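Residues per chain are reported as follows:
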Amino acid sequence: MAANAAGAIAAGAIVLGRRPCRPMTVAVLAGCGYPTPCLALALHAPGYAVAACAAVAGAASAISGTYYSTVLQQQVVPDMLARVTAFSLTGSYTLGAAGYAIIGPIAGVVGATSLLAVVAGYATLSSAMVMTVPAIHRVRWREPPAQQEPLPSDRKTDGNPGR
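Notes on the structure follow. Everything numeric in this text was worked out from a predicted model, so none of it was measured.

**Examining the overall build of the chain**
- The helix and strand tally for the chain stands at 7 helices and 0 strands.
- Along the chain, from the amino end to the carboxyl end, the secondary structure elements read α-α-α-α-α-α-α.
- Radius of gyration (C-alpha) of the chain: 22 Å, far over the 15 Å computed for a compact globule of 163 residues.
- Considered along the principal axes of its C-alpha atoms, the chain spans approximately 80 × 30 × 30 Å.
- Across the 163 residues that make up the chain, the buried fraction comes to 23%.
- For the chain, restricting intrachain contacts to residue pairs at least 6 apart in sequence, the fraction spanning at least 24 positions comes to 78%.
- Of the roughly 11,200 Å² that the chain leaves accessible, carbon and sulfur atoms contribute 68%.
- On the chain, the mean spot of the 10 positive side-chain charges and the mean spot of the 5 negative ones are 13 Å from each other.

Given below as structure tokens:
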């Protein structure tokens, strides 16, 4: 967990202020880092390698989450943002909870090593499949509208003309 957090913090510092022209492409590509700890565990890698892979997964989470959230806020009208976010998170948490409920019994049947390898392969393949969706590449970074200085007549005063 510490390596995962370190990777997330480092990646968060690196992406701070960055504005990729195709943020969803970056977010999906970053998602390819999620399964690295599973792969390391499936290969019976030493602890330091698993920790390094956990740092990669943490970085992937930070990058993917940052750009996904930014795109959501840029592309969805403010009146619908809460609803869209709720649908997205409900699906994520529901499927995540279902996965946690069944993963133990499945590992008991097929073995932890086999399951970790399949999970790593599936996670990588699913990110690769998402990269084939043209709409992912069409999402562009939107610059915020330019801030305009208020006109002198637009400025609010407290009624005191001397200020």
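**Remarks on the state of the cysteines**
- One pass over the full model with this rule turns up 0 disulfides.
- Free cysteine: cysteine 21, not disulfide-bonded; nearest cysteine sulfur from cysteine 32 at 18 Å.
- Note on cysteine 21: relative accessible area 47%, which makes it partly exposed.
- In this model cysteine 53 remains outside any disulfide bridge; the closest cysteine sulfur is found in cysteine 38, 9.9 Å from its own.

**Describing the side chain of serine 127**
- For serine 127, the position within the fold is in helix α6 (residues 112-131).
- Excluding anything up to four places from it in sequence, serine 127 contacts Val28, Gly31 and Cys32.

**Focus: α6**
- Over its 20 residues, α6 extends 29 Å from the first C-alpha to the last, a length consistent with the 28 Å expected when each residue adds 1.5 Å.
- Here the buried face of α6 lies against α2 (23-31), α3 (36-42), α5 (78-110) and α7 (134-138).

**Topic: the packing of α2 against helix α4 (residues 47-75)**
- Where α2 meets α4, the axes come as close as 8 Å, and the angle between the chain directions of the two elements is 155°. In terms of orientation, α2 and α4 fall into the roughly antiparallel class. Here α2 runs over α4; the crossing is left-handed. For the pair α2 and α4, the contacting residues are Pro23, Met24, Val26, Ala27, Ala30 and Gly31 in the first and Ala60, Ile63, Ser64, Tyr67, Tyr68 and Val71 in the second.
- A per-class count over the contact of α2 with α4 returns 10 nonpolar, 2 polar and no charged.

**Describing the packing of α5 against α6**
- Axis separation between α5 and α6 bottoms out at 7 Å; the angle between their running directions is 120°. One finds that α5 runs oblique with respect to α6. Note on element contacts: α6 touches α5 through Ala112, Ser114 and Leu115, opposite Ile103, Ile106, Ala107 and Val110.
- Grouping the constituent residues of the contact of α5 with α6 by class yields 6 nonpolar, 1 polar and no charged.

**A look at unusual backbone geometry**
- Look at histidine 44: it is not a glycine, yet its phi comes out positive at around 55°.
- Along the chain, the position of histidine 44 falls in the loop between α3 and α4.

**Topic: the environment of proline 78**
- Looking at where proline 78 falls in the secondary structure, it is placed in helix α5.
- Between the C-alpha atom of proline 78 and that of proline 144, which follows or precedes it by 66 residues, the distance is 14 Å.

**Some details on the packing of aromatic side chains**
- Scanning all chains against the criterion turns up 1 aromatic pair.
- Both rings, one in tyrosine 67 and one in tryptophan 141, keep their centres 6.3 Å apart while their planes meet at 80°; by these two values the pair is edge-to-face. Linking tyrosine 67 in helix α4 with tryptophan 141 in the segment after α7, this pair joins segments that are 74 residues apart in sequence. With respect to burial, tyrosine 67 and tryptophan 141 carry one shared label: buried.

Cut-offs used in this document
- Starting afresh in each chain, residues are numbered from 1 along the sequence in its written order.
- With the structure being a predicted model, the display of local features is reserved for residues of pLDDT at least 70 and the display and counting of side-chain atom pairs for 80 or more, all residues being used for whole-chain, interface and lining totals.
- Remark: hydrogens and water are excluded; side-chain values derive from all non-hydrogen atoms of the structure.
- The way it works is that DSSP assigns letters per residue, a run of H or I at least four long becomes a helix, a run of E at least two long becomes a strand, and they are numbered from the N terminus.
- The atom set for the radius of gyration is the C-alpha atoms, and the globule formula is 2.2 Å times the number of residues raised to the power 0.38.
- Under the scheme applied here, a residue whose accessible area is under 20% of the maximum for its type counts as buried, over 50% as exposed, and between as partly exposed, the area being computed with a 1.4 Å probe on protein chains only.
- We call two residues in contact when some of their heavy atoms are within 4.5 Å.
- Note on areas: Shrake-Rupley with a 1.4 Å probe; residue coverage comes only from the protein chains shown.
- Note on charges: Lys and Arg go in the positive column, Asp and Glu in the negative column, and His and the chain ends are not counted at all.
- The location of each charge is read from NZ of Lys, CZ of Arg, CG of Asp or CD of Glu.
- Our working definition of a disulfide is a cysteine sulfur pair at a distance within 2.5 Å.
- What a helix is expected to span follows from its residue count: subtract one and scale by 1.5 Å.
- Axis definition: a line fitted to C-alpha atoms, limited for helices to the stretch in contact. Angles are taken between N-to-C directions and run from 0 to 180 degrees.
- An angle below 35 degrees is treated as roughly parallel, one above 145 as roughly antiparallel, one from 65 to 115 as roughly perpendicular, and anything else as oblique.
- By definition, any crossing whose near helix is turned counterclockwise from its far helix by less than a right angle is left-handed, and any crossing with a clockwise turn is right-handed.
- All amino acids are sorted into three groups, where Ala, Val, Leu, Ile, Met, Phe, Trp, Tyr, Cys and Pro are nonpolar, Asp, Glu, Lys and Arg are charged, and the leftover types, Gly among them, are polar.
- Working definition: rings of Phe, Tyr and Trp (its six-membered ring) pair if their centres are within 6.5 Å, and the pair is stacked with planes under 30 degrees apart, edge-to-face with planes over 60 apart, and tilted otherwise.

Don't take any of this as a statement about function, it's just geometry.
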